[in-house]
Amino acid sequence: TTGPQAVLSARGLRRDFAGFTAVRHVDLDVHHGKIHALIGPNGAGKTTVFNLLTKFLAPTAGSIELLGRDITKTSPAAVARMGLVRSFQISAIFPHLSVLDNVRVALQRPGGLGTQFWRPLSALDRLTPRAQELLAMVGLADDRHRLAGDLSYGRKRVLEIATTLALDPKVLLLDEPMAGMGHEDVSTVSDIIRSVAKDRAVLMVEHNLTVVADLCDWITVLQHGDIIAAGDYATVSADERVRVAYMGT
Ligand code: ADP
């Protein structure tokens, strides 16, 4: 995309696994205030791209910039501290803690992954107002005293997003945030993503094309490790290669 400087950008990203190229050549720009979807059939390389951007995997070739700094050789923990935060597909909440305490514990970890330091929950009182604010933002205020483990599947995923937001990401990577959810939760999570994207950048892997059409400003379509189309939904859904490769029509 053109226009304002991207907050996260990748150029010529490639990753080989023992002779197999999972990601061949990926250019990607993620912008502040925008929701960017990464879509494509199973095995296209979406997870590998996420792992490369968060530095869980080293690229075989290519470069990545975050907020104007080259992070190609930066550690995952340092990248998280700079504001690139990923919400995992598999829930990372503590089921035996209350909803409120889950967010307070998350607020205690300003650096995110790998930098957590633990204190007694009684020392977390000063974090309560911010935790309440985050819970209100995601619609979990009334559930704050329930055990996280007792929440419905959809609300657990929403709580997980709240714990991710506690790290105050500048770029939020979401891995199938609506996977396995019913209509109501999908619409709740869509509203949350729309609202959090107002003052940060969001990059999400999402299989539900109705959600993608409704929510995302920009869509990058991957197949066999290469970008086959990029643009708004109207553009990519009209693309011949996308129709054949992804939608099967
Ligand atoms: P997607 O998330 O789009 O389904 P992935 O990024 O998980 O795709 O995988 C892309 C391709 O890379 C697949 O063919 C997968 O088998 C392969 N792959 C992913 N990770 C590894 C690995 N650690 N070792 C070998 N092959 C891998």
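Residues numbered from 1 in each chain as written. Predicted model: local features only at pLDDT ≥ 70, side-chain atom pairs only at ≥ 80, totals over all residues.

Peer 1: Let's hear about the packing of helix α3 (residues 99-107) against helix α5 (residues 153-165): which residues, and what values?
Peer 2: Orientation of α3 relative to α5, taken along the N-to-C sense of each, is 30°, at an axis distance of 8 Å. Between α3 and α5, the angle is such that the two are roughly parallel. Read as a crossing pair, α3 and α5 show a hand that is right-handed. Of the residues in α5, those in contact with V99, N102, V103 and A106 of α3 are L159, A162 and T163. Split into classes, the residues belonging to the contact of α3 with α5 amount to 5 nonpolar, 2 polar and no charged. (Axes fitted to C-alpha atoms, helices over the stretch in contact; angles between N-to-C directions. Helix = DSSP H or I, 4+ residues; strand = E, 2+ residues; numbered from the N terminus. Parallel < 35°, antiparallel > 145°, perpendicular 65-115°, else oblique. Left-handed = near helix turned anticlockwise from the far one by under 90°. Contact = placed C-beta atoms within 7 Å. Nonpolar A, V, L, I, M, F, W, Y, C, P; charged D, E, K, R; others polar.)

Peer 1: So, the site of the ligand: which residues are in play, and what are the values?
Peer 2: By nearness alone, every residue bordering the ligand is listed as F17, F20, A22, G40, N42, G43, A44, G45, K46, T47 and T48. Those elements that provide at least two residues to the shell around the ligand are β2 (20-30) and α1 (46-53). Looking at the shell around the ligand element by element, the count peaks at 3 residues for α1. Classifying every residue of the shell around the ligand gives 4 nonpolar, 6 polar and 1 charged. (Near = placed C-beta within 6 Å.)

Peer 1: Can you explain unusual backbone geometry? Please cite residues and give values.
Peer 2: If a residue is not glycine, its phi is most likely negative; likewise, a peptide bond is most likely trans. One non-glycine residue, D168, adopts positive backbone phi at about 50°. For D168, the position within the fold is in the loop between α5 and β7 (171-175). Assessed through the 14 C-beta atoms surrounding it within 10 Å, D168 is described here as partly exposed. (Buried ≥ 20, exposed ≤ 12 C-beta atoms within 10 Å, placed from the backbone.)

Peer 1: So what's going on with the packing of α5 against helix α6 (residues 183-196)? Residues and values would help.
Peer 2: Where α5 contacts α6, the two axes come as close as 10 Å, and the packing angle between them is 10°. Taken together, the axes of α5 and α6 are roughly parallel relative to one another. Contact residues: G154, V158, I161 and L165 in α5; D185, T188, V189, I192 and V196 in α6. When the residues that make up the contact of α5 with α6 are grouped by side-chain class, the tally is 6 nonpolar, 2 polar and 1 charged.

Peer 1: Can you explain the nonpolar core? Please cite residues and give values.
Peer 2: Ranked by size, the top nonpolar core spans 72 residues in total, and within it L8, V103, L135, A162, V171 and V202 carry the most contacts. The dominant element in this core, judged by the number of residues it contributes, is α3, at 6 residues. When sequence neighbours within four positions are dropped, the list of residues in contact with V103 reads A131, L134, L135, A162, T163 and A166. (Core = buried A, V, L, I, M, F, W, Y, C linked by C-beta atoms within 7 Å.)

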